[in-house]
Amino acid sequence: MTAQTCPRQHRNNTMDSLALEPSLYTVKAVFILDNDGNRLLSKYYDPELYPSMKEQRSFEKNVFNKTHKADNEIAFLEGMTIVYKSSIDLFFYVVGSAQENELMLMAVLNCLFESLSHILRKNVERRCLLDNMDGVFLVVDEIIDGGVILESDPQQVLEKVNYRADDNPLTEQSVAQHLTEKLALTTTVLQSAKEQIKWSILK
């Protein structure tokens, strides 16, 4: 008698294999902490990952305790892959799932750091960061949108947020222009994501 695969078992195996494939939503979270582990900026892109503020801060505290004295650039904690970088009194973190490619996450981290270094005129430290939070949020939003990586080239990011090394801080007009362009880009990204999902289903 020939062994046959149970449809339910086949479906479960398919779901398991899909779960292990890299997601379109590569980045689970981004946050910046000071050298005491206090949050300066954070964005969580997966609504099921630490949905409450208490859970987020607990996770950030655990990450900080594990990494702030380490010489590595990558850590694995609570089923997450975390890449990080420090500068003076700041710690930058990019979080992905356990299956995510560390090099891709590191590319996001380096793009974030280089872009911020440029707009902060190489003064990548707490006070300067807090004085330029509008620009910091714009940079993060140009690199990642809802967990999807949009850009990993710092020069492209800087051009999109209309920032130059010798310019004054962002004006209201440039912020409004950025938001309009961002909305158009988000629509394009969502359409592209739908097409990718459609083709993956058809396969």
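Sequence order sets the numbering: in each chain, residues are counted from 1 along the sequence as written. Since the coordinates come from a predicted model, pLDDT governs what is reported: local features require at least 70, and pairs of side-chain atoms require 80 or more to be given and counted, while whole-chain, interface and lining totals use all residues. Water and hydrogen atoms were dropped before computing side-chain values, which therefore reflect all heavy atoms in the structure.

Participant: Mind showing me how you'd approach the pattern of salt bridges here?
Facilitator: Oppositely charged side chains are able to pair whenever their charged atoms sit close together. Whenever Lys or Arg places a side-chain nitrogen within 4 Å of a carboxyl oxygen from Asp or Glu, that contact is recorded as a salt bridge. Going through the model one piece at a time under the given rule, you end up with 5 salt bridges. Between aspartate 34 and arginine 126 there is a salt bridge, with its nearest N and O atoms 3.3 Å apart. Of the two residues, aspartate 34 is situated in strand β1 (residues 27-34) and arginine 126 in helix α4 (residues 126-131); the sequence distance between them amounts to 92 residues. For aspartate 34, a relative accessible area of 2% gives the class buried. A simple rule labels every residue: compare its accessible area, found with a 1.4 Å probe on the protein chains alone, to the largest value its type can have, and call it buried under 20%, exposed over 50%, or partly exposed in between. Under the relative-accessibility criterion, arginine 126 is labelled partly exposed at 34%. When the shortest N-O distance is used, the salt bridge between glutamate 60 and arginine 39 registers 2.8 Å. Note that glutamate 60 is positioned in helix α2 (residues 53-67) and arginine 39 in strand β2 (residues 39-44), a separation of 21 residues in sequence. Under the DSSP-based scheme used, a helix requires at least four consecutive residues in state H or I and a strand at least two consecutive residues in state E, with every element numbered from the N terminus.

Participant: Is there a simple way to think about the packing of aromatic side chains in this case?
Facilitator: Describing an aromatic ring pair means giving the distance of the ring centres and the angle of the ring planes. Any two of the Phe, Tyr and Trp rings considered here, Trp counted by its six-membered ring, make a pair once their centres fall within 6.5 Å; the pair's planes then place it as stacked at under 30 degrees, edge-to-face at over 60, or tilted in between. Inspection of the entire model under this criterion finds 8 aromatic pairs. Measuring from ring centre to ring centre gives 6.3 Å for phenylalanine 31 and tyrosine 44, while their planes differ by 15°; the resulting arrangement is stacked. Taken together, the residues phenylalanine 31 in strand β1 and tyrosine 44 in strand β2 connect sequence positions 13 residues apart. Judged on exposure class, the residue phenylalanine 31 and its partner tyrosine 44 are both buried. Here the aromatic residues Phe31, Tyr44, Tyr50, Phe59, Tyr84 and Tyr93 are joined through ring pairs into a cluster of three or more. Counting as a charge over the ring demands two things of the Lys NZ or Arg CZ atom: a distance within 6 Å of the ring centre and an angle within 35 degrees of the ring normal. Here lysine 85 stacks its cationic end above the ring of phenylalanine 113, 5.2 Å away from the centre of that ring.

Participant: What am I meant to see in the packing of helix α3 (residues 102-119) against helix α5 (residues 133-143) here?
Facilitator: Helix-helix packing is described using two parameters, namely the angle between the two axes and the distance between the axes. To obtain an axis, a line is fitted to C-alpha atoms, over the contacting stretch when the element is a helix, and the angle between two such axes runs from 0 to 180 degrees between their N-to-C directions. α5 packs onto α3 with a crossing angle of 150° between their chain directions and a minimal axis gap of 10 Å. Taken as axis vectors, α3 and α5 run roughly antiparallel relative to one another. Here α3 runs over α5; the crossing is right-handed. Note on element contacts: α5 touches α3 through Gly135, Val136, Val139, Val140 and Ile143, opposite Val108, Cys111, Leu112, Ser115, Leu116 and Ile119. Ten residue types, Ala, Val, Leu, Ile, Met, Phe, Trp, Tyr, Cys and Pro, are classed as nonpolar, four, Asp, Glu, Lys and Arg, as charged, and the remainder, Gly among them, as polar. Across the contact of α3 with α5, the residue classes break down as 9 nonpolar, 2 polar and no charged. Any angle that falls under 35 degrees is termed roughly parallel, while one over 145 is termed roughly antiparallel, one within 65 to 115 roughly perpendicular, and all others oblique. Each helix crossing is assigned a hand: it is left-handed if the near helix lies turned anticlockwise from the far helix by less than a right angle, otherwise right-handed if that turn is clockwise. Between two residues, a contact is recorded if the distance between any of their heavy atoms is within 4.5 Å.

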